[in-house]
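Examination of the molecular architecture
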Amino acid sequence: MRWHCLQHLPDEGPGHAADWLAAHGHALRYTRFFDPDPALPALEEFDGLLILGGAMGVHDEAVFPWLRDEKAFLREAIRAGKLTLAICLGAQLLALALGGEVRPNPAPEIGFWTVRFSAKALAHPLLRGWPAKAAVLHWHHDTFTVPPGALRVGMSAGCAAQGFVWGDGLIGLQFHPEMTREMVEQLLRFEGHETAEEQEFVQTAAQIRARLKSVWKGRLLLEQLLANLVALHEDELN
């Protein structure tokens, strides 16, 4: 299966997703929007789309003009029926393209917090094999409304919309199942989080490091989700 990754920042790569795809013989190519001249692929060049996170917001087109091109490309990919996994900023962009709204979350959500997945979502083929809940990494200030016609994936104490599934093959996740331990450390440095104080839904750097073993829980969710997406693609080919 041919995958294409939309990457917004150098330190927010595909992490565990790239490892799983390589281990299972799938191709992964990139559009890196921080490159001098990023190029988007033709729709016929990929089967699955992976959209990553980033510190910018979906409405920051004045500062990051490539957001306009990415939004237009995403609408085309949706119309073409491309399988899509979108994470954090990527999920917000996907929600916007599907008619949802993106706005500030009532409070920042940073650290490892538990997401409870809805029974209806767990019955969807893409979430086959997921548990009822998991403590996963969050790092966001904005949130999205579940787009019209989509199914809410779950919620946490700090965020009402932790993801959505739209149709058979599009899923957006507000949390970060792709992050490795090394990526979390990079994010702590990039965000200047070493001196951050504890808030209701914000853990300190020390609290996050004490919970780093929880990245494996996100990895298990991600690997099962990718396996389900690949199985869906194979079913479509048969």
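Data block above holds the structure.
A few points on the structure. (Residues numbered from 1 in each chain as written. Predicted model: local features only at pLDDT ≥ 70, side-chain atom pairs only at ≥ 80, totals over all residues. Heavy atoms only, no water.)

Following the sequence through the fold, H16 ends up in helix α1 (residues 16-23). The buried category is assigned to H16, whose relative accessible area is 6%. Leave out the neighbours within four places in its chain, and H16 touches P177, E178, M179, T180, V215, R219 and L222. (Helix = DSSP H or I, 4+ residues; strand = E, 2+ residues; numbered from the N terminus. Buried < 20%, exposed > 50% of the residue type's maximum accessible area, 1.4 Å probe, protein only. Contact = heavy atoms within 4.5 Å.)

Right, let's get into the packing of helix α2 (residues 66-79) against helix α3 (residues 89-97). Taken N-terminus to C-terminus, the directions of α2 and α3 make an angle of 65 degrees; their axes are 10 Å apart at the nearest point. The two elements α2 and α3 cross, and the hand of that crossing is right-handed. Counting all contacts with α2, which are made through L67, E70, K71, L74, R75 and I78, the residues of α3 involved are L93, L94, L96 and A97. By residue class, the composition of the contact of α2 with α3 is 7 nonpolar, no polar and 3 charged. (Axes fitted to C-alpha atoms, helices over the stretch in contact; angles between N-to-C directions. Left-handed = near helix turned anticlockwise from the far one by under 90°. Nonpolar A, V, L, I, M, F, W, Y, C, P; charged D, E, K, R; others polar.)

Turning our attention to the nonpolar core. Ranked by size, the top nonpolar core spans 32 residues in total, and within it L85, W130, I171 and L225 carry the most contacts. With near-sequence residues (within four places) excluded, L85 lies in contact with L49, L50, I51, I171, L173, L222, L225, L226 and L229. (Core = buried A, V, L, I, M, F, W, Y, C linked by side-chain atoms within 4.5 Å.)

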